[in-house]
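# Structure assessment
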Amino acid sequence: MGKKHPYLQAISYFYESIVFLESDTLKSQKAALKGNQLLSRYSNKEAYLFRARVLHNSAIIQQKNDHIKTVVDMLLNQIIPLAKKSGDTLKLATYYTQLAMIFMNSRERSKAETYYNLAIEMSKNLSVNSPVLAKAYILASANYNYLFKFPQSKSMLDKAKAILINYPKSEIQPDYYFSEGNYFEGVHQYKSALKSYDKGIAIGKELKLSYLVKSLLIQKYSALTNLKDYKAAQHILDSVAKDNDFMTSANNRKSIFNQQARNNFRLGNIKAAYSWLERHGKLSDSLYKSKINTDINALEAKFRTAENKKRISELTAANEKVKFEAKNRLLMNWLLGTVSLVLALLLVGGFLFFQNRKKLKELNYQQELKYIDQQYQVKLTRAMINGQDEERKRLARDLHDGLGGMLAAVKINLSGWSAKSGLTDDQELGSIVNRLDNSITELRSIAGNLMPASLLKFGLEVSLRDLCESFMSDSLVIDFQCLGVIDGLPVDQQMTIYRIVQELLNNVAKHSKAKNVLLQCSLYLNNFMITIEDDGVGFDIGSLEEKKGMGISNIKTRVAYLGGKFDIISGNNGQGTNVNIELKVESKIS
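Here the structure is a predicted model, which is why all the values come from computation and not from measurement. Per chain, residue numbering runs from 1 following the sequence as it is written. Restriction of local features to residues with pLDDT of at least 70 applies here, the model being predicted, together with a cutoff of 80 or more for giving and counting side-chain atom pairs; totals for whole chains, interfaces and linings are based on all residues. Based on all heavy atoms of the structure, the side-chain values leave hydrogens and waters out of the count.

## Re the environment of Leu562
- Secondary structure elements follow DSSP: runs of H or I of four or more residues count as helices, runs of E of two or more count as strands, with numbering from the N terminus. Mapped onto the elements, Leu562 comes out in the loop between helix 23 (552-561) and strand 4 (565-569).
- Throughout, exposure labels follow a simple rule: accessible area from a 1.4 Å probe, protein chains only, divided by the maximum for the residue type, with under 20% read as buried, over 50% as exposed, and the rest as partly exposed. Look at Leu562 and you get buried, because its relative accessible area is 6%.
- Taking the C-alpha atoms as reference points, Leu562 and Ile497, 65 residues apart in sequence, are found 9.2 Å from one another.
- Apart from residues lying up to four places away in sequence, Leu562 is in contact with Gln493, Thr496, Ile497, Leu583 and Lys584. Whether two residues are in contact is decided by their heavy atoms, any of which lying within 4.5 Å being enough.

## Notes on the pattern of salt bridges
- Between Lys or Arg on one side and Asp or Glu on the other, a salt bridge is scored when a side-chain nitrogen of the former is within 4 Å of a carboxyl oxygen of the latter. Going through the model one piece at a time under the given rule, you end up with 11 salt bridges.
- Residue Lys124 is joined to Glu121 by a salt bridge in which the shortest nitrogen-to-oxygen separation is 3.6 Å. Note that Lys124 and Glu121 are positioned in helix 6 (residues 109-126) at a spacing of three residues, about one turn of the helix.
- In this structure Lys124 comes out as partly exposed when scored by relative accessible area, which is 34%.
- The residue Lys135 makes a salt bridge to Asp175 at a minimum N-O spacing of 2.9 Å. With Lys135 in helix 7 (residues 131-146) and Asp175 in helix 9 (residues 172-186), this pair connects stretches of sequence that are 40 residues apart.
- For Lys135, a relative accessible area of 30% corresponds to the partly exposed category.
- For Asp175, a relative accessible area of 19% puts it in the buried group.

## Observations regarding a nonpolar patch on the surface
- Patch membership requires over 30% relative accessible area and the absence of a salt bridge. Like charges are linked within 9 Å, and nonpolar side chains (Val, Leu, Ile, Met, Phe, Trp, Tyr) within 5 Å. Only the protein chains shown count as cover for residues, with accessible areas throughout obtained via the Shrake-Rupley method and a probe of 1.4 Å. Where nonpolar side chains cluster on the molecular surface, the patch consists of Val342, Leu343 and Leu346 and spans about 280 Å² of accessible area.
- With respect to the helices, strands and loops of the structure, Leu343 is situated in helix 18 (residues 329-421).

## A word on the pairing of strand 5 (residues 577-584)
- Counting buried residues along strand 5, six of its eight residues qualify, which places the element largely inside the surrounding structure.
- Any two strands with at least two DSSP bridges between them are considered paired. Bridging between strand 3 (residues 527-534) and strand 5 involves eight bridges; their strand directions are antiparallel. Looking at the pairing, Ile530 lines up with Ile581 of strand 5.
- The pairing of strand 4 with strand 5 spans five bridges and is antiparallel. Bridged to Lys565 within strand 5 is Glu582.

## Here's the deal with the nonpolar core
- Residues belong to a common nonpolar core when they are buried Ala, Val, Leu, Ile, Met, Phe, Trp, Tyr or Cys residues joined through side-chain atoms within 4.5 Å. Leu75, Ile79, Tyr95, Tyr116, Ile120, Tyr137 and Tyr176 are the most contacted members of the largest nonpolar core, which totals 84 residues.
- Sorting elements by how many residues they give to this core places helix 7 first, with 10 residues.
- Apart from the residues lying within four places of it in its own chain, the contact partners of Tyr176 are Ile138, Leu157, Ala160, Lys161 and Leu164.
- In this structure, Leu489, Met495, Tyr498 and Ile552 belong to the second largest nonpolar core, which totals 39 residues.

## Overview of a positive patch on the surface
- Positive charges are assigned to Lys and Arg, negative charges to Asp and Glu, while His and the chain termini are left out of the count. We put the charge of a Lys on NZ, of an Arg on CZ, of an Asp on CG and of a Glu on CD. Together, Lys161, Lys191, Lys195 and Lys199 make up a positively charged patch on the protein surface.
- Tracing the sequence through the fold places Lys161 in helix 8 (residues 150-164).
- For Lys161, a relative accessible area of 46% puts it in the partly exposed group.

## Quick look at helix 8
- What a helix should span is 1.5 Å times the count of its residues minus one. Along its 15 residues, helix 8 runs 21 Å from first to last C-alpha, staying within 8% of the 21 Å computed at 1.5 Å per residue.
- The complete set of buried residues in helix 8 reads Phe150, Ser153, Met156, Leu157, Ala160, Ile163 and Leu164. Angular distribution of buried residues about the axis of helix 8 spans 135 degrees; they occupy a single face of the element.
- Along its buried surface, helix 8 packs onto helix 6, helix 7 and helix 9. Of all possible arcs, the one meant is that of the directions from the helix axis to the C-beta atoms.

## Section: the side chain of Ser463
- Residue placement: Ser463 occurs in helix 21 (residues 460-471).
- For Ser463, a relative accessible area of 1% puts it in the buried group.

## Examining unusual backbone geometry
- Positive phi values are uncommon outside glycine, yet Phe148 reaches one of about 60 degrees.
- Positionally, Phe148 belongs in the loop between helix 7 and helix 8.
- In this structure, Lys228 takes a positive phi of about 65 degrees despite not being glycine.
- The exposure class assigned to Lys228 is exposed, which follows from its relative accessible area of 61%.

## Examining the sheet that holds strand 2 (residues 516-524)
- The strand order across the open sheet formed by five strands is 1-2-3-5-4, and the pairing between neighbours is mixed. The open sheet has two edge strands with one neighbour each: strand 1 (477-483) and strand 4. Averaged over all pairs of adjacent strands, the angle between strand axes in this sheet comes to 10 degrees, irrespective of strand direction.
- Where helix 21 meets the sheet, it contacts strand 1, strand 2 and strand 3, and its direction lies at approximately 170 degrees from that of strand 1. A fitted line through C-alpha atoms represents every axis, and for helices the fit uses only the stretch in contact; the resulting angles, taken between N-to-C directions, go from 0 to 180 degrees.

The values reported here are purely geometric and, on their own, carry no functional implication.
Shown next as structure tokens:
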């Protein structure tokens, strides 16, 4: 399908990233990056929309890894601009709503209010009865509850309710009753809050929204404790604590354990309360070591008194056990003979075991020798690459500071002499000075290629962007895309990556006859991915060994240095070349 229908193949990566979004985030991330890369060739509205959606999948993965800053950056600078280009106002409003949710959960409620209002205005222009608009109203209401702006919260709820009349079985209905219950709790109308939560729970169960039902039950528990109905509240806690899916989250467990301790204490179940308190403390050391309130201290004192009585009972039982063991000593003497026989058998078995272990040691020794040889090869490769880089630094320094300085001095002296001699208008002398200027410029370019100063001063991303610009011309356009933060690596690893990209671009410029090149670099956990694709003539991969001038062996050596993978897709069919490289790096970014 890829050769005949490249556009459909590009779209397929979006669905692949969806399939692996929950089960294998690394595969999902790779598919998302590949889909965005392939779709970037197209400039129609549908392509823009699929790019926004596939990048949104990547943002979801970043959010799961708590890289909230990256998610916000992707939404503001990539996803939302692409959604605008696509003209899909509904999708754009959805992305603004998600951005507002991130700010709301990060306690930046004023920023959240701004983006909720923006999403609401967009959705209203699209349709006054849209479920997307209802969702925005509900979330805006929740944000106003956090800001203690209860009149505004009620206004949002009323608008959402008017829309949801048309969608009685919508999955948004439980969210509405969640926010409505929060509003009633905020204005101390706890019985009304209970009614809202019960309505949301009933619809959530009917729609099989298990997690949302548990969240509504927790809110119902809060309203019941405010009404001092601790027995009913306890039934809710017990049912939620039995739900394995809900209790998978450490934060959920910590919250439930804490509330179990508090509510059992209110009910006078001292032992149970202390047990829940211990479980909560083990889950969170910082909370366990913090100051516990007076009621819990009193609870602990009562429980320890009960524990002392329990220890007395255990000591009495231990004395009875000693008497019982004395009666069994005669039986133990009879068993000694049997044990002796077993020991003899163990000696024979031990001898056989020793022989096998000796053989195993020899095998391990051979494996260790193989491992030492592999490590030596790695060190040799590292020494070779480091030696090359050091020699490049020395040559760059000598050329720039030595020969470059001498040429500059010759130019200054020659210009001064021409001024004194009155030969400033001499064309031949001017030509000589121009040649000196060109020589100095060429010398600086050579020194820069040997050791890029921008890499040491400004980091990998800036130096790669400068490298791309140096290869660009009227006949060659390079689109460089940096996905995520790629700086923060050790300098030697940055230099290795720079040299790999430099060699790849050099091959494209010399051999491919391409007009357009797409270069993508991204860092995910400890995996650094490089993808470069051109629209050139391509080549026969089977002839790589014969083409020594393409520098493929040098690229492979540097990829092996970082324990990476190297893959080339090409042919003589005029469809260009695609190179994918995955490197193992020591990222300092958490």
